[in-house]
Amino acid sequence: MPALSALLCSAVLTVAQEPGSCAVCHGREALALSRSPHLAAGVGCTACHGGVDGLLEQEAAHGPELRPLRDPGSAVEACGSCHADVGRMRTFGLATDQLALYRTSRHGQAVFERGDAQSATCVSCHGAHDVLPPADARSPVHERNQVATCGRCHSDAALMQARGLRSDAPELYRDSVHGRALLQEGRRASPACSDCHGSHGAVPPRAEAVGTVCGQCHAMAAEYFRAGPHGPTARHGAMEECVSCHGNHAVSQASAELLLGSEPGHCGSCHAGEEDVLAVAAGIHDRLAALDRDILDTAEVLRRAASRGLFLEEEEAYLGDARGLRERARGMTHSASLELLADVDNRGQAMIQQTLESLDVKRRQFRDRRIFTAAYAVVAALLVAVLLIYRREL
Amino acid sequence: MILVLRSGVGEAEVEDVVLALTAAGARSRVLRGAGRPLVHVLERPRGGVRRFARHRAVEGVEPLSRSRQRRIGRPFYPHHFLGWCAAMLLLSGALVLLSGFFPRGLGESPDPRLPPAEVQAPWYLRPLSGLLHLFPPGWEWAAWLAAALLALTACLVPALDRGRGRLPGAPALAAGLALAAAALALSVLGG
């Protein structure tokens, strides 16, 4: 408790450097504000809440202009009064379209059109007084915290059910390949909620826009998909682009196995009975699987050679090229074209062959090196023996 | 080797043995005062020293025992020089053999995508690399000079032995151990 008091006093003193002294009564809020970059930028209590600076008597300090900002719309407008102001934001290099985007979002529509008091506003995601930059790992909108922040509402079954939305999306995301990469492995290139849904203009991607959203990262797959036979089908709304095969929140690690079988998302689930289509899918699968297997086998051969003392940077680079071509081949599966894939697959196999040939040269060099060094050691040992025998005669 | 002469041999016969050795290309010296005279053969004569056992003045041929060596000494050349050469050959042979079979460095294998701040030398060059690192940039010549001096000192220690002990093997061993310790320390310090 004494520590808390000291902390509060320190915050009070910090905030009291401003003309207003709201911290005398609102210590907790003042403490939160002291951690925010707002205070450093000169944005104190009265900038958002109104009131009169420098007065310690409550009624006079609050004055007739006090804004409690308890209703969602007024809170959004208060934030927007600065954050939509180009002149003010230019100093900080911040975007000024958040308010406009928010108005177009489902959250904004719920607040401004339906007066939904439970819809997310600025403070729901960013916090009220202790707002931190999104890049700060403690911020609730930092990419690693987004699923928890969005999940506060979107995991609430009652809240979501009342609005006709599913409440399992955050959980599904956590177990997905994207969620595991970001939350467990810390790979920041993996998407968080806002990367697909947007942040201030949060809307679910429409069926025809899914490819564009996923294509932000999976550009090659999106390109081949649009150029392939599925592109026109998706444009006509007969399939949901990426989601039809990979799902949305529960995206699992894509593998060539999707090309076989008739489980949901697999080729056979839509193309059952179309033997020619399934034959192409099986052909693509076989080529990909063979390339995968050859790369794995070659990597094992390199690992064993390296453990024997060979320097294999060149061969690792060749195999890296083969891996790059395999990734390209994986992207090309979205074109559903065996001819296109065959070209990349052949180049991948050529790189594997080059890796093995180069390794063979290194092995021969290593063998020669061992023969020569062993020969030198034998000659040295013979000379030593001769010298010692000669010395014995002395 | 020591030629033990028969007791009571005269000076002329001793001289004859020495002359025979000289004719066979071997230096020798006569040792007196230990009862019967002895001839210390300092170099290997042509045909070997054992053929002199048949000389009428010679009773037998004995190797130079350590106790006798301690008493009468042994010239540096060729005895200890040959030992030193054999040790150097053995060391270089072992190093070359090990470097041929275990060429890798001691650290992680290099990653071209994440180049290390400093490239490490293979293990057999780590002492030299460590010595180079002890000197500031531009003073590499001093590092090479120091390495040469260090090696020269280690090689010359047995030859420079002026102690009363007549077994240069002990200082040579000490010099070898000191050199190995210095190599290890340089590998660690400069690594």
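The structure displayed is predicted, hence computed values, not measured ones.

Across its full length, chain A carries 23 helices and zero strands. Relative to all contacts within chain A whose residues are 6 or more apart in sequence, the contacts with residues 24 or more apart total 52%.

For the rest of this paragraph, the subject is the overall build of chain B. A tally of helices and strands in chain B yields six helices and four strands. Written out in order from the N terminus, the α and β elements of chain B read β-α-β-β-β-α-α-α-α-α.

The next point concerns the confidence of the model for chain B. On average, chain B scores 81 in pLDDT, and the residues at 70 or more come to 85%. Predicted complex metrics record ipTM = 0.71 and pTM = 0.62.

Here we take up the nonpolar core. Residues I284(A), A322(A) and A329(A) are the most contacted members of the largest nonpolar core, which totals 28 residues. For this core, the secondary structure elements donating two or more residues are α16 (210-215), α17 (219-227), α19 (241-246), α21 (275-307), α22 (313-332) and α23 (338-392) of chain A.

On to unusual backbone geometry, then. All names here are of chain A. For L69, which is not glycine, the phi torsion reads 55 degrees and is therefore positive. Along the polypeptide, L69 turns up in the loop between α5 (58-62) and α6 (72-83). At E241, a residue that is not glycine, the phi angle is positive and equals roughly 40 degrees. Topologically, E241 is positioned in helix α19. Looking at E241, the number of C-beta atoms within 10 Å reads 26, which means it is buried.

Attention now goes to helix α14 (residues 177-184) of chain A. Residues spaced three or four apart along an α-helix face the same direction, because each turn holds 3.6 residues. Residue and element names in this part refer to chain A. Inspection of α14 places H178, G179, L182 and L183 among the buried residues, and these make up the whole buried set. Axial view of α14: buried residues confined to an arc of 100 degrees, hence all on one face. Contacts made by the buried residues of α14 are with α11 (146-154) and α13 (169-175). Residue G186 follows α14 closely and has a positive phi angle near 70 degrees.

Residue and element names in this part refer to chain B. Taken together, the four strands give an open sheet; going across it, the order is β2-β3-β1-β4, and neighbouring strands pair in antiparallel fashion. Of all strands in the sheet, those with a lone pairing partner are β2 (28-31) and β4 (58-62), marking the two edges. On average, adjacent strands in this sheet sit at an angle of 25 degrees to one another, irrespective of strand direction. Pairing analysis gives three bridges linking strand β1 (residues 2-5) to strand β3 (residues 38-41), with the strands arranged antiparallel. Within β3, the residue paired with I2 across the bridge is H40. Set on the sheet, helix α1 (residues 11-23) makes contact with β1, β2, β3 and β4; between it and β2 the angle comes to about 160 degrees.

Time to look at the interface of chain A and chain B. Every contact between the two is made by 20 residues of chain A and, on the other side, 27 residues of chain B. Listing elements by their share of the side of chain A that touches chain B, those giving two or more residues are α22 and α23 of chain A. The leading source of residues in the side of chain A that touches chain B is α23(A), at 14 residues. For the side of chain A that touches chain B, the class distribution of residues is 13 nonpolar, two polar and five charged.

Okay, the pairing of β1(B) next. In summary, the side chains of a regular strand alternate between the two faces of the sheet. Inspection of the sheet shows β1(B) paired to β4(B) by four bridges, in the antiparallel sense. The residue bridging I2(B) from the neighbouring strand is E62(B), located in β4(B).

At a minimum axis separation of 8 Å, α23(A) and helix α3 (residues 76-101) of chain B run at an interaxial angle of 165 degrees. One finds that α23(A) runs roughly antiparallel with respect to α3(B). Considering how the two elements wind past one another, α23(A) and α3(B) form a crossing that is left-handed. In the contact of α23(A) with α3(B), the residues fall into 18 nonpolar, seven polar and three charged.

So, about α11(A). All names here are of chain A. Of the residues making up α11, those classed as buried are Q146, V147, T149, C150 and H154. Down the axis of α11, the smallest arc covering the buried residues is 165 degrees, so these residues share one side. At its buried positions, α11 is contacted by α10 (122-126), α12 (157-162), α13, α14 and α15 (193-197).

Moving on: the pairing of β3(B). Relative to β3(B), β2(B) runs antiparallel, the two being bridged by four bridges. The residue bridging S28(B) from the neighbouring strand is V41(B), located in β3(B).

With respect to the helices and strands, V384(A) occurs in helix α23. Overall, V384(A) belongs to the partly exposed group, with 18 C-beta atoms counted inside 10 Å. If near-sequence neighbours (up to four positions away) are discounted, V384(A) is found in contact with A86(B), L89(B) and L90(B).

The next point concerns the packing of α21(A) against α22(A). Residues and elements named next belong to chain A. Remark: α21 packs on α22, axes separated minimally by 11 Å, with the N-to-C direction vectors making an angle of 160 degrees. Classified by the angle their axes make, α21 and α22 are roughly antiparallel. Of the two possible hands of crossing, α21 and α22 adopt the one that is left-handed. Only E315, E316, L319, A322, R323, R326, A329 and R330 of α22 make contact with α21, whose side of the interface consists of L288, L291, D292, I295, T298, A299 and L302. Its residues assigned to classes, the contact of α21 with α22 comprises eight nonpolar, one polar and six charged.

Here the focus is the confidence of the model for chain A. Per-chain confidence: chain A averages 88 in pLDDT, with 94% of residues scoring 70 or above. The low-confidence segment residues 1-17 of chain A, where pLDDT is below 50, has 21 contacts with residues more than four positions distant or belonging to other chains.

Moving on, we get to the environment of A219(A). Topologically, A219(A) is positioned in helix α17. In this structure, the C-alpha to C-alpha distance between A219(A) and G331(A), residues 112 residues apart in sequence, is 8.9 Å.

Here is what the cut-offs are and how they apply
- Residues numbered from 1 in each chain as written.
- Chains lettered and ligands numbered in written order.
- Predicted model: local features only at pLDDT ≥ 70, side-chain atom pairs only at ≥ 80, totals over all residues.
- Helix = DSSP H or I, 4+ residues; strand = E, 2+ residues; numbered from the N terminus.
- Contact = placed C-beta atoms within 7 Å.
- pLDDT = per-residue confidence, 0-100.
- Core = buried A, V, L, I, M, F, W, Y, C linked by C-beta atoms within 7 Å.
- Buried ≥ 20, exposed ≤ 12 C-beta atoms within 10 Å, placed from the backbone.
- Arc of directions from axis to C-beta.
- Pairing = 2+ DSSP bridges.
- Axes fitted to C-alpha atoms, helices over the stretch in contact; angles between N-to-C directions.
- Nonpolar A, V, L, I, M, F, W, Y, C, P; charged D, E, K, R; others polar.
- Parallel < 35°, antiparallel > 145°, perpendicular 65-115°, else oblique.
- Left-handed = near helix turned anticlockwise from the far one by under 90°.

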